[in-house]
Each structure stands twice: as C-alpha cells, then as structure tokens.
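Read off the chains here:
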Amino acid sequence: EKSKKIKVIIVDDHRVLREGLVALLFSDKKIEVIDEMGDGIPLLNVLKHGKIPDVLLLDITLPGISGIELAEIISRDYPGIKIIFLSADYDEETIFSSINAGAKGYLSKDVDREELLKAIHTVFNGSEFFSETISRKMVSGYYKLARGPKNEATLSERELQILKMADEGIGNTEIAKALFISPRTFESHKARIMKKLELKTMADLIKYAIKNNIVEI
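Residues numbered from 1 in each chain as written. Predicted model: local features only at pLDDT ≥ 70, side-chain atom pairs only at ≥ 80, totals over all residues. Heavy atoms only, no water.

Undergrad: So what exactly am I meant to see when it comes to the environment of Lys 5 here?
TA: With respect to the element layout, Lys 5 can be found in the segment before strand E1 (6-11). A C-alpha to C-alpha distance of 5.2 Å links Lys 5 and Ile 31, two positions 26 residues apart in sequence. Not counting the four nearest positions on each side in its chain, Lys 5 is found in contact with Lys 29, Lys 30, Ile 31, Glu 32 and Asp 54. (Helix = DSSP H or I, 4+ residues; strand = E, 2+ residues; numbered from the N terminus. Contact = heavy atoms within 4.5 Å.)

Undergrad: Explain the packing of aromatic side chains here, please?
TA: Aromatic rings in a pair are described by how distant their centres are and how their planes are angled relative to each other. Inspection of the entire model under this criterion finds one aromatic pair. Residues Phe 85 and Tyr 106 carry aromatic rings whose centres are separated by 6.4 Å and whose planes lie at 55° to one another, so their mutual orientation is tilted. Taken as a pair, Phe 85 in strand E4 (residues 82-87) and Tyr 106 in strand E5 (residues 105-108) lie far apart in primary sequence, 21 residues in all. Comparing Phe 85 with Tyr 106 shows no difference in burial state: the two are buried. The ring of Phe 26 carries Lys 29 above its face, with NZ or CZ at 4.9 Å from the centroid. (Phe/Tyr/Trp six-rings, centres within 6.5 Å; stacked < 30°, edge-to-face > 60°. Buried < 20%, exposed > 50% of the residue type's maximum accessible area, 1.4 Å probe, protein only. Lys NZ or Arg CZ within 6 Å of the ring centre and 35° of its normal.)

Undergrad: Would you mind going over the nonpolar core with me for this structure?
TA: A general trend in soluble globular proteins is that nonpolar side chains are found buried together. With 26 residues, the main nonpolar core has Leu 43, Leu 56, Leu 58 and Phe 85 as its most contacted residues. Mapped by element, the contributors of at least two residues to this core are E1, strand E2 (31-37), helix H2 (40-48), strand E3 (55-59), helix H3 (67-77), E4 and helix H4 (92-100). Apart from the residues within four sequence positions on either side, Phe 85 is in contact with Leu 58, Asp 59, Ile 60, Gly 67, Ile 68, Ala 71, Ser 98, Ala 103, Gly 105, Tyr 106 and Leu 107. With 18 residues, the next largest nonpolar core counts Val 8, Leu 21, Ile 84 and Leu 107 among its residues. (Core = buried A, V, L, I, M, F, W, Y, C linked by side-chain atoms within 4.5 Å.)

Undergrad: Mind showing me how you'd approach the sheet that holds E2 here?
TA: Within a beta sheet, neighbouring strands are joined by backbone hydrogen bonds and run either parallel or antiparallel to one another. Here we have six strands laid out as an open sheet, ordered E2-E1-E3-E4-E5-E6, and parallel in their pairing. Edge positions in the sheet fall to E2 and strand E6 (129-130), since each has one partner strand and no second. Alignment of E5 against E6, held across two bridges, turns out to be parallel. Across the sheet, the residue bridging to Tyr 106 is Phe 130, located in E6. Sitting on the sheet, helix H1 (residues 15-26) is in contact with E1, E2, E3 and E4, with an inclination near 170° to E2. (Pairing = 2+ DSSP bridges. Axes fitted to C-alpha atoms, helices over the stretch in contact; angles between N-to-C directions.)

Undergrad: Before we go on, may I ask you to explain H3 in this structure?
TA: Because the α-helix completes a turn every 3.6 residues, residues three or four places apart line up on one side. When H3 is considered as a whole, its buried residues turn out to be Gly 67, Ile 68, Leu 70, Ala 71 and Ile 74. Projected onto a plane normal to the axis of H3, the buried residues spread over an arc of 155° and lie on a single side. (Arc of directions from axis to C-beta.)

Undergrad: Please clarify how the pattern of salt bridges should be interpreted in this entry.
TA: Any two side chains of opposite charge can pair, so long as their charged atoms come close to each other. Scanning all chains against the criterion turns up six salt bridges. The salt bridge partner of Arg 15 is Glu 19, with a shortest N-O separation of 3.0 Å. Taken together, the positions of Arg 15 and Glu 19, both in helix H1 and four residues apart, correspond to about one turn of that helix. A relative accessible area of 43% means that Glu 19 is categorised as partly exposed. Notably, a salt bridge pairs Asp 77 with Arg 76, separated by 2.9 Å at the nearest N-O pair. The class for Asp 77 is partly exposed, based on a relative accessible area of 40%. Through salt bridges with shared partners, a single network forms among Asp 12, Asp 59 and Lys 109. (Salt bridge = Lys/Arg side-chain N within 4 Å of Asp/Glu carboxyl O.)

Undergrad: Honestly, the pairing of E3 in this entry has me stumped. Any pointers?
TA: Walk down a regular strand and you will see the side chains alternate between the two sheet faces. Burial within E3 is extensive, with five of its five residues counted as buried. By the alternation rule, side chains of E3 split into Val 55, Leu 57 and Asp 59 and Leu 56 and Leu 58, which are all buried. Bridging between E1 and E3 involves four bridges; their strand directions are parallel. For Ile 10, the partnering residue across the bridge sits in E3 and is Leu 57. Examined bridge by bridge, E3 and E4 share five bridges and lie parallel to one another.

Undergrad: Honestly, the packing of H2 against H3 in this entry has me stumped. Any pointers?
TA: Between two packed helices, both the angle of their axes relative to each other and the distance between the axes serve to describe the pair. It is the contact of H2 with H3, at a shortest axis distance of 11 Å, that shows an interaxial angle of 10°. Accordingly, the angle class assigned to the pair H2 and H3 is roughly parallel. Residue-level contacts link Gly 40, Leu 43, Leu 44 and Leu 47 of H2 to Leu 70, Ile 73 and Ile 74 of H3. Its residues placed into classes, the contact of H2 with H3 shows six nonpolar, one polar and no charged. (Parallel < 35°, antiparallel > 145°, perpendicular 65-115°, else oblique. Nonpolar A, V, L, I, M, F, W, Y, C, P; charged D, E, K, R; others polar.)

So, in structure tokens, the structure goes:
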C-alpha cells in the first residue's frame, strides 16, 4: 500500500547525484521519493506545507543554509524525521556536528545501492546507521579506549585481541574469520565491549572518541 511506503526527500545541490539517488531508490518498492531539491530553503517550505518525509537524505554542503543548520532546525521542529547525511567529508568536526544536530545516519557520497537501502530501512526502524568507513574507524577506536587503566582490566583477552585487530584496520568479517568465530559471535563480543566501556550506540562512541582525541577520522 502507498501509505506504508517509507517516504524520502533528497536534498543535494548536485542534480546528477540527486537523479542517481532517485534511480537507486526507485528499485525498492517499499520506498517512495516524495521530493528532491538542490538547497535547504525549498525544503523548509515543503515541510511547512505539510509534505513530511519519514527519512531525509541531506547533503552537508549546500548553498545558503548548511546541512548541519538544516538538521538542527528539522530536529527541533520536526523530530519525527530521520536524517541521514550524505557527505564526502570525514573530518571529525563535521561528523561531531552532524551527530549533535540529530543525524541518525552518515553515508559517503559514493554509497552503493545495497548500503543506501539498508541505511534508509535501518533509520526508519529506529536504529542508527553509519557507513562502513566510519564504523571501521570507530571500531578501531575501541582498542585505544580499552588501553586506559580504568578499562584495560575489565576486558577479556579475546576482547583485547579483537580490539587490537580492529585498531590495525582489519574489517569485521576478516576479524571473525581470523579468530574462527561467526559474525554473530563477533557482534556479541563487540556489544560486550561497548557495554563495558559504558557506551550505548555508535553515536556515543563517535562523540566519545572525537571528544577525547582517541581516533582520527
């Protein structure tokens, strides 16, 4: 049914990229692109007139009002809209600002169809989604987090081993294979590490890592 589709609006000042995203999303029958535009003022106008998306794909660099400023306004005035940033920037200030502005996701502009669709469905269903590039860098920060005197003793040998491998830039799947454990077991270890370090979400970890200069983006 039409009403059950995930409604998406795309805001990016590159027309070719917008059209490419529309084409990618068209293949998913559960997603409907209800509008697309090149800057933030038209977006605020359509929102004011009641055209409200479930998910907003938002470029960071826009003419006039920036994506970060837009996200702050939207998070305040339309808290039901889930914002996913699209950006070529991975500098720490931009990522930190985007999380603080209320972003639920962060994707690279060269995102492929599978990751884009996964991101939209994930944030729509109430979770956060960060691209593999950011996630991997955040996971690599676990080891540095764990090396502090407060945390070192609380982590098991296996957890420290996982963190050390992650710190060396090895991907999640590769770590699981190398340690002869299933991806699910790896995720369990990762979840336990997060719990021990008293961090609940990837956003918490990003904030913590950036604030404490633990990881370089």
